[in-house]
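A structural walkthrough
These are the residues of each chain, in order.
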2 protein chains.
Amino acid sequence: MAAFVTLATNDSYARGAMVLGKSLRNHNTSKKLVALIGPQVSEPSKSVLERIFDEVKVVDVLDSGDTAHLAMMKRPDLGVTFTKLHCWTLTDYSKCVFMDADTLVLSNIDELFDREELSAAPDPGWPDCFNSGVFVFCPSMETHGKLIQYCTEHGSFDGGDQGVLNGFFDNWATADISKHLPFIYNLSSISIYTYLPAFKQYGGHAKVVHFLGKTKPWSYKFDPRSQQITGSVHDADTHSTFLVDWWILYSSAVVPMMQQQYGDQPFHSGCE
Amino acid sequence: MAAFVTLATNDSYARGAMVLGKSLRNHNTSKKLVALIGPQVSEPSKSVLERIFDEVKVVDVLDSGDTAHLAMMKRPDLGVTFTKLHCWTLTDYSKCVFMDADTLVLSNIDELFDREELSAAPDPGWPDCFNSGVFVFCPSMETHGKLIQYCTEHGSFDGGDQGVLNGFFDNWATADISKHLPFIYNLSSISIYTYLPAFKQYGGHAKVVHFLGKTKPWSYKFDPRSQQITGSVHDADTHSTFLVDWWILYSSAVVPMMQQQYGDQPFHSGCE
Ligand SMILES: O=c1ccn([C@@H]2O[C@H](COP(=O)(O)OP(=O)(O)O)[C@@H](O)[C@H]2O)c(=O)[nH]1
Ligand SMILES: O=c1ccn([C@@H]2O[C@H](COP(=O)(O)OP(=O)(O)O)[C@@H](O)[C@H]2O)c(=O)[nH]1
Ligand SMILES: [Mn+2]
Ligand SMILES: [Mn+2]
């Protein structure tokens, strides 16, 4: 069995996970959809996730009492990282594709399951590192244990999961070209600006866009009537068609489900 | 025979070429050094280049009367690009490493000659493109002809040589990992800022730094006494130790040679 896996430790990232899940469904994936969530995710959000995903699993490394729990005691700074690494314990699945909750799928990408562990796309900025927003992996308790051990011993050079995973899978840059996913499977939204001619040349084939960095799609507001991004944001960003794509999917498909779950409780959708 | 090849179409880039040549010599390369220069490079600059390089070759595509000349008539916008592609005509050498005039070598890199055409490092910004500031190639009139033809027919998606070369060698991202030079052989100075933790982790192994972008080392000024970059520049840049390295080499090894060549003529070194 094969699955797309994402992670949301709070209600903000949960919105991202919902949009990601919807985008995978809209492009008719034949794979299972799994969401790992933290204990802070609210009940209404959890219910919506359960409608979109095949499996929603609450992960609380603090509760777990296993090696991840112990590691977490030593390195509380790596909390979300340990939670992300938990995806290796999903041994009901033989192969998975992890996707950050801030990614959006633009076409069917089931062909990613032809790739081996660990396949990922290069990170712009330091392209000998892979970006850990989209990666192919094989769940295994053994690998999970090794990862937690690596993480505890070496920490993360960037304080997050990307540093840990690049430290652990450290021959990615030099060993096997088939483990280099094309950049269009994890197109950083910032690359639009850093090398515009390349984006114009190749960006039309984008399959996954990744809103990496501090400002996430859910940090903005949106006017569904004019279909425009609003709020105090950088002008350049708001022209991004990817950001508008995210908001159109969110406002049309996710917000109605959220409103149903919240019922009479107030719910701030971000739509104006 | 094997050679490092660079290009300077004017006196500004010629300064870069001198520093690059000196840095290769200082790290005891056993390879030949070749500089292609444009007809606008002044006599004193040419003389200094001749002292540092084994061969200094004036390239004037407008003069040449061959396919490059004809192509140039059609696409005058690609002037410097056609001049750069001229490196493929250096058939006295069986293998070469092209290096932009805005690169600086930090250790011996003769091992690059173990690689095949076309080997290059990924471009940050769009990492499925290689950066054309450092690449391994094999001179061949046949390849040169094909490149010029490609260039004339398809142009360059970014208006420069990088767009042409990535269009021509279009399977670089997917075909052969050995043609991916480690990023430390073409470390973009901007990557220091885009992903600082990775730079701190891996930057210590840098072998070649590339000052790509609009502001070149020679755009700044330098105070040799305090060994500090001066002038109206972004503060962040001036703290770059690589930029200081460039200026120390330029002011100590290149400026004295320039002064000798200029004699009584005024010469603006950029040193204060
Ligand atoms: O507080 C957090 C931070 C991160 N994440 C998860 O970890 C991923 C990586 O973090 P982020 O996307 O913010 O990092 P970036 O891609 O911007 O480097 C997110 O997409 C989420 O899936 C999360 O659930 N809660
Ligand atoms: O007016 C020019 C522009 C470029 N070049 C040569 O072409 C290379 C590529 O240009 P540049 O380094 O400015 O581009 P970047 O690396 O910033 O993209 C330079 O290093 C020089 O070798 C040159 O000789 N004259
Ligand atoms: Mn992300
Ligand atoms: Mn350059």
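Here, the structure is the one placed above.
What you are looking at is a predicted structure, and each value in this text was computed from that prediction instead of being measured. (Residues numbered from 1 in each chain as written. Chains lettered and ligands numbered in written order. Predicted model: local features only at pLDDT ≥ 70, side-chain atom pairs only at ≥ 80, totals over all residues. Heavy atoms only, no water.)

1. Observations regarding the packing of aromatic side chains
As a reminder of what qualifies: Within 6.5 Å between ring centres, the rings of Phe, Tyr and Trp (the latter by its six-membered ring) count as paired, and their orientation is classed by plane angle as stacked under 30 degrees, edge-to-face over 60, tilted in between. Note on exposure labels: buried denotes an accessible area under 20% of the residue type's maximum, exposed denotes more than 50%, and partly exposed covers the range between, all computed with a 1.4 Å probe on protein chains only. Both a distance and an angle decide whether a charge sits over a ring: NZ of Lys or CZ of Arg must be within 6 Å of the ring centre and within 35 degrees of the ring normal.
Applying the stated criterion to the full structure yields 44 aromatic pairs over all chains. When the ring of Phe-168 of chain B is compared with that of Phe-169 of chain B, the centres are 4.9 Å apart and the planes differ by 80 degrees; the resulting orientation is edge-to-face. The partly exposed category is assigned to Phe-168 of chain B, whose relative accessible area is 24%. Owing to a relative accessible area of 14%, Phe-169 of chain B belongs among the buried residues under this scheme. In textbook terms, an aromatic cluster arises when at least three aromatic residues are bridged by ring pairs, as seen for Trp-88, Phe-98, Phe-135, Phe-137, Tyr-150, Phe-168 and Phe-169 of chain A. Note that Lys-31 of chain B overlies the ring of Phe-113 of chain B, its terminal NZ or CZ placed 5.0 Å from the centroid.

2. Looking at the side chain of Asn-186 of chain A
Residue and element names in this part refer to chain A. Under the convention used in this document: Numbering goes from the N terminus for both helices and strands, where a helix is a DSSP run of H or I of at least four residues and a strand is a run of E of at least two. Polar contact is defined as a pair of N or O atoms within 3.5 Å, subject to the rule that within protein one atom must be able to donate a hydrogen and the other to accept it, and that residues adjacent in sequence are counted only when both atoms are side-chain atoms. Whether two residues touch is decided by their heavy atoms; if any such pair falls within 4.5 Å, the residues are in contact.
Relative to the assigned elements, Asn-186 resides in the loop between helix H8 (172-175) and strand E8 (187-188). Owing to a relative accessible area of 1%, Asn-186 belongs among the buried residues under this scheme. A distance of 2.9 Å separates a polar atom in the side chain of Asn-186 from a polar atom in the side chain of Asn-131. The contacts of Asn-186, once residues within four sequence positions are left out, are Ala-121, Asn-131, Gly-133, Val-134, Val-208 and His-210.

3. Structural notes on the pairing of strand E7 (residues 130-137) of chain A
Regular strands place side chains that alternate from one sheet face to the opposite one. Residue and element names in this part refer to chain A. Definition in use: Here the rule is simple: two strands pair whenever DSSP picks up at least two bridges between them.
Across the eight residues that make up E7, a large majority, eight, are buried. Bridge count between strand E4 (residues 95-99) and E7: four bridges; the pairing is antiparallel. Note that in E7 the partner of Phe-98 across the bridge is Phe-135. Note that strand E6 (residues 119-122) and E7 share three bridges and pair antiparallel. If you follow Ser-119 over to E7, its bridge partner there is Val-136.

4. A closer look at the sheet that holds strand E8 (residues 187-188) of chain B
Residue and element names in this part refer to chain B. Threshold: Note on geometry: axes are lines fitted to C-alpha atoms, helical ones only across the stretch in contact, with angles between N-to-C directions running from 0 to 180 degrees.
Strands sit in the order E5-E9-E8 across an open sheet of three strands; the sheet is mixed. Every other strand in the sheet has two partners, leaving strand E5 (103-105) and E8 as the edge strands with one partner each. Two strands pair when backbone bridges link them, and E5 and strand E9 (residues 208-210) are joined in this way by three bridges, in the antiparallel orientation. Bridge assignment links Val-105 to a residue of E9, and that residue is Val-208. Across the face of the sheet, helix H12 (residues 241-262) comes into contact with E5, E8 and E9 while running at roughly 80 degrees to E5.

5. Details of the coordination of the manganese ion (ligand 3)
The reference angle at a metal is 109.5 degrees if four donors form a tetrahedron and 90 or 180 degrees if six donors form an octahedron. Residue and element names in this part refer to chain A. Short version of the rule: Coordinating donors are taken as N, O and S atoms within 2.8 Å of the metal, stretched to 3.2 Å for Na, K and Ca; because water is absent from the atoms, sites can appear incomplete. Here a site with four donors is tetrahedral if all angles are between 85 and 135 degrees, and a site with four or six donors is square planar or octahedral if opposite donors are over 155 degrees apart and the other angles are between 65 and 115; anything else gets the irregular label.
Taken together, the protein ligands of the manganese ion (ligand 3) are Asp-100 (OD), Asp-102 (OD), Asp-102 (OD) and His-210 (NE2), with distances of 2.2 to 2.3 Å. Considering all six donor atoms around the manganese ion (ligand 3), angles at the metal cover 57 to 173 degrees and the coordination shape is irregular. Mapping the donors of the manganese ion (ligand 3) onto the primary sequence yields the spacing D-x1-D-x107-H. For the residue pair Asp-100 and Asp-102, the accessibility class agrees, reading buried in each case.

6. A word on the relation of the copies chain B and chain A
For the record, the criterion: When the copies are superposed, the least-squares fit takes in the C-alpha atoms of residues with a pLDDT of at least 70 in both.
By a simple turn and slide, chain B fits onto chain A: the slide is 0.0 Å along the axis, the RMSD is 0.0 Å, and the turn is 180 degrees. In the structure described here, the two chain copies are related by an operation that fits a two-fold rotation axis. By residue overlap, the copies meet face to face through one surface: 100% of the interface positions of chain B are interface positions in chain A.

7. Quick look at the coordination of the manganese ion (ligand 4)
Residues and elements named next belong to chain B. Within the protein, the manganese ion (ligand 4) binds to Asp-100 (OD), Asp-102 (OD), Asp-102 (OD) and His-210 (NE2); these donor distances fall in the range 2.2 to 2.3 Å. Its six donor atoms give the manganese ion (ligand 4) angles of 57 to 172 degrees at the centre, a pattern that matches the irregular case. Expressed as a motif, the donor residue spacing for the manganese ion (ligand 4) is D-x1-D-x107-H. Residue Asp-100 is found in the loop between strand E4 (95-99) and E5, and its partner His-210 is found in strand E9; the two are separated by 110 residues along the sequence. The exposure class assigned to Asp-100 is buried, which follows from its relative accessible area of 16%. Relative accessible area serves as the criterion here: at 2%, His-210 is assigned to the buried category.

8. Some words on the site of ligand 2
All names here are of chain B. The criterion, for reference: Whether a residue is near a molecule or strand depends on its heavy atoms: it is near if one of them lies within 4 Å of it. Using a 1.4 Å probe, accessible areas were evaluated by the Shrake-Rupley method; residue-level cover was limited to the displayed protein chains. Just so you know the grouping, Ala, Val, Leu, Ile, Met, Phe, Trp, Tyr, Cys and Pro go in nonpolar, Asp, Glu, Lys and Arg go in charged, and all remaining residues, Gly too, go in polar.
Taken together, 13 residues sit near ligand 2, with Leu-7, Thr-9, Tyr-13, Gly-213 and Lys-216 positioned nearest. One nitrogen or oxygen atom from the main chain of Ala-101 is found 3.0 Å from an oxygen atom belonging to ligand 2. Separating an oxygen atom of ligand 2 from a backbone N or O atom of Gly-213 is a distance of 2.8 Å. In isolation ligand 2 has 510 Å² of accessible area, and contact with the protein removes 76% of it. The class makeup of the residues in the shell around ligand 2 is six nonpolar, four polar and three charged.

9. A closer look at the sheet that holds strand E3 (residues 55-58) of chain A
All names here are of chain A. Spatially, the six strands line up as an open sheet ordered E3-E2-E1-E4-E7-E6, and their pairing is mixed. Only two strands of the sheet have a single neighbouring strand rather than two, namely E3 and E6. Within this sheet the neighbouring strands show an average axis-to-axis angle of 25 degrees, counted without direction.

10. A closer look at helix H12 (residues 241-262) of chain A
Residue and element names in this part refer to chain A. We count it as follows: One fewer than the residue count of a helix, multiplied by 1.5 Å, yields its expected span. We define the bend at any residue as the angle between the axes fitted to the seven residues before and including it, ending there, and the seven starting there.
Between its terminal C-alpha atoms H12 stretches 30 Å, which fits the 32 Å expected from 22 residues at 1.5 Å a residue. Remark: the principal bend of H12, roughly 40 degrees, maps to Val-254, with a proline, Pro-256, within the next four residues. Capping the start of H12, Ser-240 holds a side-chain oxygen 3.2 Å from the backbone nitrogen of Phe-242, two or three residues further along. Among the residues trailing H12, Gly-263 stands out with phi positive, at a value near 55 degrees.

11. Examining the interface of chain B and chain A
Short version of the rule: Throughout, the accessible surface (probe 1.4 Å) given up by two parts as they are put together, summed over both, is called the buried area. We define a salt bridge as a contact between a side-chain nitrogen of Lys or Arg and a carboxyl oxygen of Asp or Glu at a distance within 4 Å.
The partner chain A presents 31 residues to the 31 residues of chain B that form the contact. Between chain B and chain A, roughly 2,600 Å² of surface is buried when both sides are summed, and carbon and sulfur atoms account for 70% of that area. Among the residues of chain B in contact with chain A, Trp-126, Ile-177 and Tyr-195 of chain B are the three that bury the most area, contributing 31% of the side total. In this assembly, chain B and chain A are joined by zero salt bridges. Inspection of the chain B/chain A interface yields eight residue pairs in polar contact (both at pLDDT 80 or more).

12. What to know about the site of ligand 1
All names here are of chain A. In the vicinity of ligand 1 lie 13 residues, with Leu-7, Thr-9, Tyr-13, Gly-213 and Lys-216 positioned nearest. The contact in question runs from an oxygen atom of ligand 1 to an N or O atom on the backbone of Leu-7, over 2.6 Å. Note that an oxygen atom of ligand 1 is positioned 2.9 Å from one of the side-chain N or O atoms of Asp-102. Here the shell around ligand 1 is built from residues that sort into six nonpolar, four polar and three charged.

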